[in-house]
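# Structure at a glance
Listed below are the residues making up each chain.
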Amino acid sequence: WRIGFSSLNYAGTLGVDMAENIGKKAVVIASDYVAGHEQATDFSANFKEHGGEVLDILWAPSGTSDFSSYINQIKQHDADAVFMFIPGADGPRFVQQFKEFGLAKNYALVDGGSVLNAPSTVEAVGDAVVNGYTLSHYHVGLENELNKKFVDDYTKKYDKVPDNYVINGYDTAKVMSESIQKAGSTEVGDIIETLKAGLSFDSPRGPIELDPKTNHPIQNHYILKGAEKDGEIVFELVRTYEKVQMPAEDPGYEKAK
């Protein structure tokens, strides 16, 4: 059972959002390995389904430090936005160079891997994330009572704010506790039967349900935008997609090339 998210959840939702709210023409750049190909495929398919056009797809090997050749290729296209999936240390380097080479003035930057809003990225590149978009299944500023208490308690204990990785751990423990209580047992078979029947609860991230058809969470996804406010870099919630879920069957998207 998955408590976090899938490539299709993140990239697919961003494909819909970009087409409906940001622009109809995009260039995709992704790290050249399995997850990068999945993200590019899921984004492109959903972007096209909602009226978007993918002008080019660029593959950057993991460990790329100089993105100038890719940036020059992006500049050749009359695109509205650039969709990126470049995790790890490569991501902040691309974000910084995206700004340094002047692309931020002409293209919206849309991140499929929660790189932009990672504290390490903000610390490394500063205002290069401003006006960039990303997606997360959790946002520290969510206005629900559970989240307010969660953020307050976590900040007091660890002297930092929680992120989507923290909420994954928190809700994993919640699922374990809820399934054991519901099963009335700690036997693996009993817990599995409980999970197969479906499990739902309220989380700081919002309502969450484990779909018995897919073993994936049905949950809200949040579109966040980088901004500078009172001298600090923050990410503001701009749109919410409610009850995002995995399809019960493989959608059969044509692989991005």
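Above this text sits the structure in question.
Residues numbered from 1 in each chain as written. Predicted model: local features only at pLDDT ≥ 70, side-chain atom pairs only at ≥ 80, totals over all residues. Heavy atoms only, no water.

Ile29 and Phe94 are the most contacted members of the largest nonpolar core, which has 31 residues in total. Elements with a contribution of two residues or more to this core: strand E1 (25–31), strand E2 (53–60), helix H3 (68–75), strand E3 (81–85), helix H4 (90–100), helix H6 (145–158) and strand E8 (217–229). With sequence-adjacent residues up to four places away left out, phenylalanine 94 is seen in contact with Ile29, Phe67, Ile71, Ile74, Val82, Met84, Ile86 and Leu109. Core analysis: the next-biggest nonpolar cluster, separate from the first, contains 26 residues, Val54, Phe85, Val110 and Val244 among them. (Core = buried A, V, L, I, M, F, W, Y, C linked by side-chain atoms within 4.5 Å. Buried < 20%, exposed > 50% of the residue type's maximum accessible area, 1.4 Å probe, protein only. Helix = DSSP H or I, 4+ residues; strand = E, 2+ residues; numbered from the N terminus. Contact = heavy atoms within 4.5 Å.)

Once that is clear, we can look at the packing of helix H1 (residues 7–22) against helix H2 (residues 34–49). The axes of two packed helices give the description: the angle between them and the distance between them. Where H1 meets H2, the axes come as close as 7 Å, and the angle between the chain directions of the two elements is 35 degrees. For the element pair H1 and H2, the recorded crossing hand is right-handed. Taken together, the residues of H2 that come into contact with H1 (itself represented by Ser7, Leu8, Tyr10, Ala11, Gly12, Leu14, Gly15, Val16, Met18 and Ala19) are Glu38, Gln39, Asp42, Phe43, Asn46 and Phe47. Of the residues belonging to the contact of H1 with H2, the class tally is 9 nonpolar, 5 polar and 2 charged. (Axes fitted to C-alpha atoms, helices over the stretch in contact; angles between N-to-C directions. Left-handed = near helix turned anticlockwise from the far one by under 90°. Nonpolar A, V, L, I, M, F, W, Y, C, P; charged D, E, K, R; others polar.)

What follows is about the side chain of serine 31. Within the secondary structure, serine 31 sits in strand E1. If we skip the residues at most four places from it in the chain, serine 31 touches Gly36, His37, Trp59, Ala60, Ser62, Phe85, Ile86 and Pro87.

Despite not being glycine, asparagine 215 has its phi angle at roughly 65 degrees, a positive value. Residue position: asparagine 215 is located in the loop between strand E7 (206–210) and E8. In this structure asparagine 215 comes out as partly exposed when scored by relative accessible area, which is 28%.

Among the 13 residues that make up E8, 10 are buried, leaving the element largely enclosed by the rest of the structure. Across 4 bridges, strand E5 (residues 133–136) lies against E8 in antiparallel orientation. Its bridge partner lying in E8, tyrosine 133 is registered against lysine 225. Across 2 bridges, the pairing between E7 and E8 is antiparallel. Counted as the bridge partner of leucine 210 is proline 217 from E8. Taken together, E8 and the strand that follows it, strand E9 (residues 232–244), pair antiparallel across an intervening segment of 2 residues, in which aspartate 230 is found at a positive phi of about 55 degrees. (Pairing = 2+ DSSP bridges.)

So, on to H2. With 16 residues, H2 ought to run about 22 Å at 1.5 Å a step, and its terminal C-alpha atoms sit 23 Å apart, in line with that. Listed as buried for H2 are Gly36, Gln39, Ala40, Thr41, Asp42, Phe43, Ser44, Ala45, Asn46 and Phe47. Packing partners of the buried residues in H2 comprise H1, E1, E2 and E3. Immediately downstream of H2, the backbone of glycine 51 shows phi near 95 degrees, a positive value. (Expected span 1.5 Å × (residues − 1).)

So, about the layout of surface pockets. In this model, the second largest pocket occupies a volume close to 200 Å³. Lining of the second largest pocket is provided by 14 residues; of these, Ala104, Tyr107, Val130, Asn131 and Gly132 occupy positions nearest its centre. The residue inventory of the lining of the second largest pocket, partitioned by class, reads 9 nonpolar, 2 polar and 3 charged. (1 Å grid on protein atoms, 1.4 Å probe; cavity = no way out; pocket = protein on both sides within 12 Å on 5 of 7 lines; lining within 4 Å. Points joined across faces, edges and corners; volume = space filled by probe spheres on them.)

For the coordinates displayed, the defined rule picks out 10 aromatic pairs. Their ring planes at 55 degrees and their centres at 6.1 Å tell us that phenylalanine 67 and tyrosine 70 sit as a pair that is tilted. Residue class for phenylalanine 67 comes out buried when judged on its relative accessible area of 0%. Judged by centre distance (6.4 Å) and plane angle (80 degrees), the rings of tyrosine 138 and phenylalanine 150 are edge-to-face. Within this pair, whereas tyrosine 138 is found in the loop between E5 and H6, its partner phenylalanine 150 is found in helix H6, the two being separated by 12 residues in sequence. Residue phenylalanine 150 is classed as buried on the basis of its relative accessible area of 9%. Among the aromatic residues, ring-to-ring pairing joins Tyr138, Phe150, Tyr154, Tyr158 and Tyr170 into one connected group. (Phe/Tyr/Trp six-rings, centres within 6.5 Å; stacked < 30°, edge-to-face > 60°.)

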